[in-house]
Amino acid sequence: RRKGSGRSGGSGFVEHLVVLCLVVCGIAVGDLLNAPLAFQATHEDVARDKLVMREQCRLHHREGDVVLAGRAVRSNHKGKALAKESAESLLPTAGLLNNLLNVYLFGTGAMNTILPLLPLVFGSVAGLPVPFEEDMASVAMICLQTTVASLLHILVFFGIIDGLRTQLCVHISGHWWTYMVTTFVFLLNGVDLVLRNGKLDLTSTLSRTYVGFAVFYQLLVLSFLRGTLLFYHDDADARASLRLVLLFLPVIFAMRLFLRYLLLSTTTCKKRES
């Protein structure tokens, strides 16, 4: 490796902490100002149904029927019907592509953030010559951290968040939850890729490619978030997601620090043994 050309594996704590603070403050301000409503107003028929659904959910809770409460808060029949009518106005191919993209973007979640890095990882594992070889240690760490973050994201959402929908009588938006987690991971990964020897450097092709991909993701996914707010979730659903994700982002931050510390400790021990 050329002197000064690689990335410092142990650095970046301050930069990551700054990212965490900025994102947390941004989400808190967005919740305070009701950014989801400003971004896209919900269809008035869906908004009315949402109020009825929540009241029915509370009524079932008072009656002690948790199952019916859960069904009530999720029974967005009007929104689904309106979304279907909107989809029918599109060309069949466009409608199919829209559905596939929606499933992919929000089904894979934070794993989207390492998509441009996977060819490097697979090539390196296969023993093929890959560009940016001096950055492969950083790329491998990013892929590991992102994979663990994705697993935590899935476990927390289906293990906790989905149940909270029934308890709070709010259909917490999985789309907004996934979007905020993925964006946060994008930012942390981006910092790792542009950080060289403690300084930010956007001159490398890898860094510029990753930043460009992150911008493309934002432009693509925001159009789907508009659709979810229009037909499936109102601003109360989205704001509930924002408030809960505030509690989850520090978990991702701590997990990344732990994995980095674990790797550095293991590497140090091996060097001492050799």
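See the structure above.
Report follows, based on the coordinates. Because the structure is predicted, anything quoted here is derived from the model rather than measured.

Topic: the overall build of the protein
And step 1. Counting its secondary structure elements, the protein contains 11 helices and 2 strands.
And step 2. The N-to-C order of helical and strand elements in the protein reads α-α-α-α-α-α-α-α-α-β-β-α-α.
And step 3. Projected onto its principal axes, the C-alpha coordinates of the protein cover approximately 65 × 45 × 35 Å.
And step 4. In the protein, which comprises 274 residues, the share counted as buried stands at 44%.
And step 5. Sequence-distant contacts, at least 24 apart, represent 82% of the contacts inside the protein between residues at least 6 apart.
And step 6. Looking at the protein as shown, the accessible area adds up to about 14700 Å², and 68% of this sits on carbon and sulfur atoms.
And step 7. Within the protein, the 20 negative side-chain charges are centred at a point lying 8 Å from the centre of the 26 positive side-chain charges.

Structural notes on the side chain of Gln218
And step 1. As for its position among the elements, Gln218 is in helix 10 (residues 205-231).
And step 2. Gln218 sits in the buried class, given a relative accessible area of 19%.
And step 3. Among the polar contacts listed, one links the side chain of Gln218 to the side chain of Tyr179, at a separation of 2.6 Å.
And step 4. When sequence neighbours within four positions are dropped, the list of residues in contact with Gln218 reads Tyr179 and Thr183.

Remarks on the packing of helix 7 (residues 118-125) against helix 8 (residues 136-168)
And step 1. Between helix 7 and helix 8, the least distance of the axes is 10 Å, while the angle of their chain directions is 115°. For the element pair helix 7 / helix 8, the angle class is roughly perpendicular. The way helix 7 lies across helix 8 gives a crossing that is left-handed. Contacts between helix 7 and helix 8 involve Leu120, Val121 and Ser124 on the former and, on the latter, Met136, Val139 and Cys143.
And step 2. Among the residues forming the contact of helix 7 with helix 8, the class breakdown is 5 nonpolar, 1 polar and no charged.

A few points about the state of the cysteines
And step 1. Taken as a whole and judged by the stated rule, the model has 1 disulfide.
And step 2. Across the disulfide from Cys57 sits Cys169; the S-S distance is 2.1 Å. Across the S-S bond linking Cys57 and Cys169, the dihedral sits near -80°, which makes this disulfide left-handed. In this pair, Cys57 sits in helix 3 (residues 44-62) while Cys169 sits in the loop between helix 8 and helix 9 (174-194), placing the two residues 112 residues apart along the sequence.
And step 3. Taking relative accessible area as the criterion, Cys169 reaches 2% and is therefore assigned buried.
And step 4. In this structure Cys21 is a free cysteine whose sulfur lies 6.4 Å from that of Cys25, the closest cysteine sulfur available.
And step 5. Judged by its relative accessible area of 40%, Cys21 falls in the partly exposed class.
And step 6. A residue is classified by how much of its surface remains accessible, and Cys25, at 49% relative accessible area, is partly exposed.

Here's the deal with the packing of helix 9 against helix 10
Each pair of packed helices can be summarised by the angle the axes make with each other and by the distance between the axes.
And step 1. Orientation of helix 9 relative to helix 10, taken along the N-to-C sense of each, is 170°, at an axis distance of 11 Å. Here helix 9 lies roughly antiparallel to helix 10, going by the angle between them. In this structure, helix 9 uses His175, Trp176, Tyr179, Thr182, Thr183, Phe186, Asn189, Gly190, Leu193 and Val194 to contact helix 10, whose residues at the interface are Leu206, Ser207, Tyr210, Phe213, Ala214, Tyr217, Gln218, Val221, Leu222, Leu225, Thr228 and Leu229.
And step 2. Among the residues forming the contact of helix 9 with helix 10, the class breakdown is 14 nonpolar, 8 polar and no charged.

Regarding the nonpolar core
And step 1. Of all hydrophobic cores here, the largest spans 54 residues; its most connected members are Leu117, Val139, Ile161, Trp177, Phe184, Leu249 and Ile252.
And step 2. Within the residue set of this core, elements represented by two or more residues are helix 1 (13-32), helix 6 (92-108), helix 7, helix 8, helix 9, helix 10 and helix 11 (235-273).
And step 3. Residue contacts for Trp177: discarding those within four places in its chain leaves His153, Val156, Phe157, Ile161, Ser241, Leu244, Val245 and Phe248.
And step 4. With 5 residues, the next largest nonpolar core counts Cys57, Ala69, Ala72 and Val73 among its residues.

Rules used in this analysis
- Residues numbered from 1 in each chain as written.
- Predicted model: local features only at pLDDT ≥ 70, side-chain atom pairs only at ≥ 80, totals over all residues.
- Heavy atoms only, no water.
- Helix = DSSP H or I, 4+ residues; strand = E, 2+ residues; numbered from the N terminus.
- Buried < 20%, exposed > 50% of the residue type's maximum accessible area, 1.4 Å probe, protein only.
- Contact = heavy atoms within 4.5 Å.
- Areas by Shrake-Rupley, 256 points an atom, 1.4 Å probe, with all protein chains shown as cover.
- Lys, Arg positive; Asp, Glu negative; His and termini not counted.
- Charge placed at Lys NZ, Arg CZ, Asp CG, Glu CD.
- Polar contact = N/O pair within 3.5 Å; in protein donor to acceptor, adjacent residues only side chain to side chain.
- Axes fitted to C-alpha atoms, helices over the stretch in contact; angles between N-to-C directions.
- Parallel < 35°, antiparallel > 145°, perpendicular 65-115°, else oblique.
- Left-handed = near helix turned anticlockwise from the far one by under 90°.
- Nonpolar A, V, L, I, M, F, W, Y, C, P; charged D, E, K, R; others polar.
- Disulfide = S-S within 2.5 Å.
- Core = buried A, V, L, I, M, F, W, Y, C linked by side-chain atoms within 4.5 Å.

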